[in-house]
Amino acid sequence: MDTKKSMSVSTRTSDPSALTESSAGLLRELVAHLRQNRTQLREEWARRITRAELLTAMTEEEIFAEATAVYDNYVEALETGTFEALQAYSRRLSERIIPRGVETDEVVGIVLLLRDVLARSLFTKYQDNVEKLNRILDSYEPAANRIANTVAVGFVEERERIIRQQQEAIRELSTPVLQVRERLLILPIIGVIDPQRARQLTEQLLRAIRANRAKVVVIDVTGVAAMDSGVANHLVQTVEASRLLGATVIVTGLSPEIAQTLVTIGVDLSEMATVGDLQGGIEEAERLLADRAAIPGPQPGREPGTDLTR
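Below you will find a few notes about this structure.

Calculation notes
Residues numbered from 1 in each chain as written. Predicted model: local features only at pLDDT ≥ 70, side-chain atom pairs only at ≥ 80, totals over all residues. Heavy atoms only, no water. Pairing = 2+ DSSP bridges. Helix = DSSP H or I, 4+ residues; strand = E, 2+ residues; numbered from the N terminus. Axes fitted to C-alpha atoms, helices over the stretch in contact; angles between N-to-C directions. Contact = heavy atoms within 4.5 Å. Parallel < 35°, antiparallel > 145°, perpendicular 65-115°, else oblique. Left-handed = near helix turned anticlockwise from the far one by under 90°. Core = buried A, V, L, I, M, F, W, Y, C linked by side-chain atoms within 4.5 Å. Buried < 20%, exposed > 50% of the residue type's maximum accessible area, 1.4 Å probe, protein only. Salt bridge = Lys/Arg side-chain N within 4 Å of Asp/Glu carboxyl O.

1. Describing the sheet that holds strand 3 (residues 216-223)
Move 1: Judged by pairing direction, the sheet is mixed, and its 5 strands sit side by side in the order 1-2-3-4-5 without closing on themselves. At either margin of the open sheet sits one strand with a lone partner, and together these are strand 1 (178-181) and strand 5 (273-275). Between one strand and the next, the sheet's axes are offset by a mean angle of 30°, whatever the strand orientation.
Move 2: The pairing of strand 2 (residues 184-190) with strand 3 spans 6 bridges and is parallel. Considered in strand 3, the bridge of I190 is made with G223.
Move 3: Together, strand 1, strand 2 and strand 3 form the strand contacts of helix 8 (residues 195-212), whose direction differs from that of strand 2 by roughly 165°.

2. Comments concerning the packing of helix 3 (residues 38-51) against helix 4 (residues 60-80)
Move 1: Contact pair helix 3 / helix 4: the axes reach a minimum separation of 9 Å and the direction vectors enclose 130°. Classed by the angle they form, the pair helix 3 and helix 4 counts as oblique. Helix 3 and helix 4 meet at a crossing whose hand is right-handed. In this structure, helix 3 contributes R38, L41, R42, E43, W45, A46, I49 and T50 to the contact, and helix 4 contributes E60, I63, F64, A67, T68, V70, Y71 and D72.

3. Section: the environment of L245
Move 1: With respect to the helices and strands, the residue L245 is situated in the loop between helix 9 (229-244) and strand 4 (248-252).
Move 2: Sequence separation between L245 and A214 is 31 residues, and the spatial gap between their C-alpha atoms is 8.9 Å.
Move 3: In this view, L245 contacts L206 and I209; residues no more than four positions away in its chain are not counted.

4. Some words on the nonpolar core
Move 1: If you look at the biggest cluster of nonpolar residues, it comprises 45 residues, and the most contacted ones within it are W45, L78 and Y140.
Move 2: Of all the secondary structure elements, the ones that give two or more residues to this core are helix 2 (16-36), helix 3, helix 4, helix 5 (84-97), helix 6 (104-125) and helix 7 (130-174).
Move 3: Counting residues per element, this core draws most heavily on helix 7, at 10 residues.
Move 4: In this structure W45 touches A67, V70, Y71, I110, L113, L114 and V117, once residues within four positions along its chain are discounted.
Move 5: Residues V217, V231, A232 and I258 belong to the second largest nonpolar core, which totals 26 residues.

5. Side note on the pattern of salt bridges
Move 1: Under the defined criterion, the tally for this structure stands at 15 salt bridges.
Move 2: Between D72 and R38 there is a salt bridge, with its nearest N and O atoms 2.7 Å apart. In this pair, D72 sits in helix 4 while R38 sits in helix 3, placing the two residues 34 residues apart along the sequence.
Move 3: Two residues, E44 and R47, come together in a salt bridge whose shortest N-O distance is 2.9 Å. Of the two residues, E44 and R47 are both situated in helix 3; the distance of 3 residues between them amounts to about one turn of the helix.
Move 4: Overall, the relative accessible area of 41% leaves R47 in the partly exposed class.

Written out as structure tokens, the structure is:
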């Protein structure tokens with residue numbers, strides 16, 4: 001009789017479909033337990049978040065509200081085995097808390113705390129049935145790991161998106177195109193110029209030339225300590241592109257190192273208008289504009305009667 005019983009157990013445990021059904025049944029039992037004890041467990045989780053000094057940028061009321069929403073999404077993911085709703089909520093949560101200064105380790109920390117709170121509740125519930133406890137944990141842990149990964153990845157992706165936006169905003173601020181007066185623009189460049197920023201600089205300048213119908217542009221690179229040959233070539237291309245739009249470019253503030261780079265890559269500096277400093281560049285720009293205004297008749301490449309100062 002014992003042999004038959006042993007054979008029966010062996011047959012059940014070796015049947016994949018039976019194992020799947022058993023695992024699904026254990027998860028349903030787990031979900032029912034988490035729903036039944038929802039109030040107690042989420043309150044315990046919120047208290048532990050506060051004691052661990054996580055999410056300190058948020059009030060206790062805010063922490064409890066978010067804990068409630070995360071808990072419900074967590075249980076739903078366990079119940080359905082789908083993570084789309086949890087992913088969407090994770091993104092929305094990240095949008096709210098990242099501007100508050102919440103860090104990645106805090107988000108990972110609160111998710112691990114929730115996992116610990118739920119596991120402890122399972123230990124308490126099944127302390128007299130170790131075999132069933134082990135089987136429930138075997139069903140729970142893979143899903144809990146995936147949930148933790150989903151929340152963490154969602155937070156990191158949103159954080160990276162915000163950082164990219166901030167970097168873009170900083171680049172916009174660090175390369176302002178300023179209109180000194182009608183037909184005269186200044187582009188002061190400060191800091192390191194990488195290829196991406198160089199492309200952005202060119203795009204901003206060409207848009208500004210067209211929008212302001214600029215005739216002279218002063219590009220001041222006094223605040224640029226060095227540039228590689230790729231960026232130097234881009235500067236030359238920017239000068240040429242500006243010329244095609246009808247604007248003369250004056251480059252000011254070239255350091256000996258940058259001048260050497262330009263010579264090394266074969267740039268003919270005689271083809272580029274350069275002045276020692278920004279003040280001298282503005283004075284030269286004013287002279288060019290005055291000379292154009294004083295020339296009677298049509299300008300080369302212009303229709304007769306076109307007023308270059310208009």
